[in-house]
Amino acid sequence: MSEPTNKPPTRHGRIREDYHNLVDKHDDDFGKEPAPSARGFAPGELSLYVQSVDMCQQVNKPAHHTTAYNVQNLVVRRGQEFVMNITFNLPLTADDDFQVEFLIGSDPSPTTDTLVVVTFNSRTGGPWSGRILQTQGQMLVLGITPTANAIVGKFRIYVAILSGTGMQRTKRDPTTDLYLLFNAWCPEDAVFLPDEDQRREYVLNDSGVIFQGSVDKVTQRTWAYGQFERSILDACIYILDMSRMPISKRGDIIKVVRQGSAMINSQDDNGVLVGNWSDDFSMGKAPTSWTGSVSILLQYLSTGVPVCFAQCWVYAGVFNTFLRCLGIPARVITNFLSAHDNSGNLKTYMIFESDGSLDRRNTRDSIWNFHCWNEAFMTRADLPPNFGGWQVVDATPQETSDGFYRCGPASVAAVKEGLLCHPFDLRFVFAEVQSEVVCMKRDRYGTLTPFAVYKDYVGKAIYTKAIGSTAPEDITHTYKYPDGSVEDERSMARAEQYGCERDHSELPQASVTVAITAEQVTLGQDLNVVVVFTNQGDNPATVNAHLGVSVVFYTGAPASDFSDQDFVVTVAAGSTESVKFRITAVEYMPQLGSQLSIQFTVTGEYSGQLVNAMKVVELQTPALTVKVSGKPQVGRNMFLTVSFTNPFPFYLEDARLHIEGPGLLYPVEYYYSAIAPRASISKMESFIPRLAGARYLMAVLDCSNLRQVTGAVEVDITG
């Protein structure tokens, strides 16, 4: 910035919508004017100009909690003062006038706050404030405070010296570009989060765990959010550019999260991730193979082409990276037994044939073993008081919202109260956690008759990662009151007033009930299942029952039905009877493909009444062994070893080993065409820690015939 240019700002024509923040080269057109004489010096005297601009990164980054960002430029948060040093060729006098200009986008304008002028005297400037903190000869120390609702993105900086005859500006210098983020530490920012422990977890933590499995056997996988890794901040801004979101709207938290929700999936807008809920991932990577968000976002940034493939936890993991990277407090949520109601009401229909088997062709609704979404923390000035705080935002493409596949922000507090009249997408979220399961039986004439309604089956448990721990935190109570309570009934009644139809079937009280219990086993072991009938009536009951066994996707969709058994059991009055079944590994292993969920469905009929029960068993997989060695210190060489022995009597085919650790190790991948039975593999990686603190290294082994083999290790890195 040692040489001045002579370009005062002019605008050309009417203002256009601008959505280009990241472009390779900005040529800011400030117009053409004669060179000014900044002080009206006599011939031979020196005129005033800027020698250098220092963005004071060593001071600003710790103060703004942005030290971890692996970028060359300064990263700060809005609503909070940052400092910069400007050195002139001469000491300033009282008559000298200058301003600092911040520009964003390809068509900056003061009318859209994409060109912000900061002044340091009584002259009126833009909305940001500035002050001179210190004068040291030819150098000024300036304090500049962006507004708490400023546009988020990458700004260019110019210093202009004014005189009565014109203005001279510094030349374009990319090293002084500045990234501006949302600020969870600023009380005036819409994302302000008052608790410091929560800020460290939901903004600054770059690793986490995502809960999966079933409500009876919750599993977890470590996920590398990696929001501070090299080029990830640019990737998140690029996503907004690709969405053609006007830069002038990028200070609005609601608009940003809605745009992000739409863009993380590629369903209708060329977004980041392509969904795939089949068993064929030949055109990309299996969703189970990702260890984190970094590889996905870097691939999208470099190609602009949607990345293959994702399922709900991948969408949630990448969306969490996007939100935290931009400074928005966010967390991944898992809802166990999550309803996907295609009819927009509060009734999830399960249709059974006359023989007791599930009619999958005509059962359009589904209940997912689990579904992952995100919560983002924000105020909601568009809603009544008390509906701010955590908001559901979901990037998995399920239903459209205002023409795009996206969901939220939906107030969690409003979901709990059943107040579904507010924006956005509250009805859909409410149904995910509160739907009633209505079981219908089709007779030989095709007539459907309800025989059971389960009001507490859906939304059995809602988990997120606990602060400072990998343990789950149960937040079900934030979404719903206890089932059957007065408050719960009030919320359901409100929801119905807003158009969500409930089931009001008056069914006779069943004297016989049925339940399924099954032990959790490792893949390759036999499954022992017990069906328990309880007779609470005064007379014995003879039950004609049917057991169906299926391999299912985690979405509840069938992969294969492989066992159907009819049986009869007589249950004495006031007693129970148990029927045991054994499903051998020889039976189920050929049916699995890459799935690990086996669903058991029992339907029984006695005295003209029907009973049923369902249970999903999640088969457990072996784990990778992950170890570290070396001195755990920033800048010191360390080693990671990942090993695995194939415990199965069959080859593991088309195997890929993925390894990464935010702040420690960039993603790497190794390929094995096959791993023989009882054979072992081992890989060692050297790495040099970049960031201090509790950090995670994670690995995934993904094979065409075996998924979900994971491992992770925590290491405490000193500074």
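Scope of this entry: the structure provided in the associated data block. If you're wondering where the values come from, they're calculated on a predicted model, not measured in any experiment.

### Describing the overall build of the chain
- Looking only at helices and strands, one finds eleven helices and 40 strands in the chain.
- Its C-alpha atoms give the chain principal-axis dimensions of roughly 115 × 60 × 40 Å.
- Counting across all 719 residues of the chain, residues that qualify as buried make up 56%.
- Counting only contacts in the chain whose residues sit at least 6 apart along the sequence, the fraction spanning at least 24 positions is 69%.
- Accessible surface, the chain: about 28,600 Å² in total, of which carbon and sulfur atoms supply 49%.
- Separation between the mean location of the 60 positive side-chain charges and that of the 79 negative ones in the chain comes to 4 Å.

### Details of the packing of helix α4 (residues 253–264) against helix α6 (residues 312–325)
- Look at α4 against α6: their axes get within 10 Å of each other, and the N-to-C directions meet at 145°. Between α4 and α6 lies a crossing of right-handed hand. On α6, the residues touching V256, V257, G260, S261 and I264 of α4 are Y315, V318, F319, F322 and L323.
- A class-by-class count of the residues in the contact of α4 with α6 yields eight nonpolar, two polar and no charged.

### Thoughts on empty space enclosed by the protein
- Applying the stated criterion across every chain yields a total of four cavities of 30 Å³ or more.
- A volume near 210 Å³ is recorded for the largest cavity.
- A class-by-class count of the residues in the lining of the largest cavity yields seven nonpolar, seven polar and two charged.
- One number sums up the size of the second largest cavity: a volume of about 70 Å³.
- Along its surface, the second largest cavity is lined by E201, Y202, S207, G208, V209, Y225, N320, R324, R331, V332, T464 and K465.
- When contributions to the lining of the second largest cavity are tallied by element, the ones reaching two or more residues are α2 (196–204), β12 (207–213), α6, β16 (330–340) and β25 (461–465).
- No other element matches β12, which puts three residues into the lining of the second largest cavity.
- Class assignment of the residues belonging to the lining of the second largest cavity gives a composition of four nonpolar, four polar and four charged.

### Topic: the packing of helix α3 (residues 232–242) against helix α5 (residues 294–303)
- α5 packs onto α3 with a crossing angle of 55° between their chain directions and a minimal axis gap of 9 Å. Judged by the inter-axis angle, α3 sits oblique to α5. In terms of crossing hand, the pair formed by α3 and α5 is left-handed. Of the residues in α5, those in contact with I232, D234, A235, Y238, I239 and M242 of α3 are V294, L297, L298, Y300 and L301.
- Of the residues in the contact of α3 with α5, the class split is ten nonpolar, no polar and one charged.

### A short note on the pairing of strand β8 (residues 139–145)
- For β8, a buried count of six out of seven residues is recorded, marking the element as mostly surrounded by other parts of the structure.
- Here six bridges tie strand β4 (residues 82–88) to β8, and the two strands are oriented antiparallel to one another. Looking across to β8, one finds that N85 is bridged to V141.
- Linking two consecutive strands that pair antiparallel, namely strand β7 (residues 129–136) and β8, is a turn of two residues; a positive phi of about 65° is found at G137 within it.

### Digging into the environment of T222
- Along the chain, T222 turns up in strand β13 (residues 218–224).
- Separated by 15 residues in the primary sequence, T222 and S207 have C-alpha atoms spaced 7.4 Å apart.
- If near-sequence neighbours (up to four positions away) are discounted, T222 is found in contact with G208, V209, T291, M698 and A712.

### A look at α6
- Helix length check: α6 (14 residues) gives 20 Å between terminal C-alpha atoms against 20 Å at 1.5 Å per residue, within 8%.
- Burial within α6 is extensive, with 14 of its 14 residues counted as buried.
- Phi turns positive one or two residues past the end of α6, at G327, with a value near 95°.

### Observations regarding the pattern of salt bridges
- Evaluated as defined, the whole model comprises 31 salt bridges.
- Of the charged contacts, one joins D425 and R258 as a salt bridge, the two residues approaching to 3.6 Å between their closest N and O atoms. Of this pair, D425 sits in the loop between α7 (412–417) and α8 (426–434) while R258 sits in helix α4, and the two are 167 residues apart along the sequence.
- Taking the relative accessible area as the measure of exposure, D425 reaches 21% and is therefore partly exposed.
- When its relative accessible area of 5% is taken as the criterion, R258 is described as buried.
- The residue R490 makes a salt bridge to E417 at a minimum N-O spacing of 3.6 Å.

### Details of the sheet that holds strand β31 (residues 576–583)
- Ordered by their spatial adjacency, three strands build an open sheet running β27-β28-β31, and the pairing between neighbours is antiparallel. On the outer flanks of this sheet lie β27 (512–518) and β31, each paired with one strand and no other. With strand direction ignored, the average angle separating the axes of adjacent strands in the sheet is 20°.
- Bridge count for β27 against strand β28 (residues 527–535) is seven bridges, and the pairing is antiparallel. Counted as the bridge partner of A518 is V529 from β28.

### Quick word on α5
- Within α5, burial applies to V294, I296, L297 and Y300. Buried residues in α5, looked at end-on, bunch into an arc of 165°, giving them a common side.
- A positive backbone phi angle near 70° is found at G304, which sits one or two residues after α5.

### Re the side chain of D97
- Looking at the secondary structure, you find D97 in strand β5 (residues 97–103).
- A relative accessible area of 16% means that D97 is categorised as buried.
- Of note is the side chain of D97, whose polar atom sits 2.9 Å from the side chain of R123.
- Residue contacts for D97: discarding those within four places in its chain leaves N121, R123, A160, I161 and L162.

Reading the values: rules and limits
- Residues numbered from 1 in each chain as written.
- Predicted model: local features only at pLDDT ≥ 70, side-chain atom pairs only at ≥ 80, totals over all residues.
- Heavy atoms only, no water.
- Helix = DSSP H or I, 4+ residues; strand = E, 2+ residues; numbered from the N terminus.
- Buried < 20%, exposed > 50% of the residue type's maximum accessible area, 1.4 Å probe, protein only.
- Contact = heavy atoms within 4.5 Å.
- Areas by Shrake-Rupley, 256 points an atom, 1.4 Å probe, with all protein chains shown as cover.
- Lys, Arg positive; Asp, Glu negative; His and termini not counted.
- Charge placed at Lys NZ, Arg CZ, Asp CG, Glu CD.
- Axes fitted to C-alpha atoms, helices over the stretch in contact; angles between N-to-C directions.
- Left-handed = near helix turned anticlockwise from the far one by under 90°.
- Nonpolar A, V, L, I, M, F, W, Y, C, P; charged D, E, K, R; others polar.
- 1 Å grid on protein atoms, 1.4 Å probe; cavity = no way out; pocket = protein on both sides within 12 Å on 5 of 7 lines; lining within 4 Å.
- Points joined across faces, edges and corners; volume = space filled by probe spheres on them.
- Parallel < 35°, antiparallel > 145°, perpendicular 65-115°, else oblique.
- Pairing = 2+ DSSP bridges.
- Expected span 1.5 Å × (residues − 1).
- Salt bridge = Lys/Arg side-chain N within 4 Å of Asp/Glu carboxyl O.
- Arc of directions from axis to C-beta.
- Polar contact = N/O pair within 3.5 Å; in protein donor to acceptor, adjacent residues only side chain to side chain.

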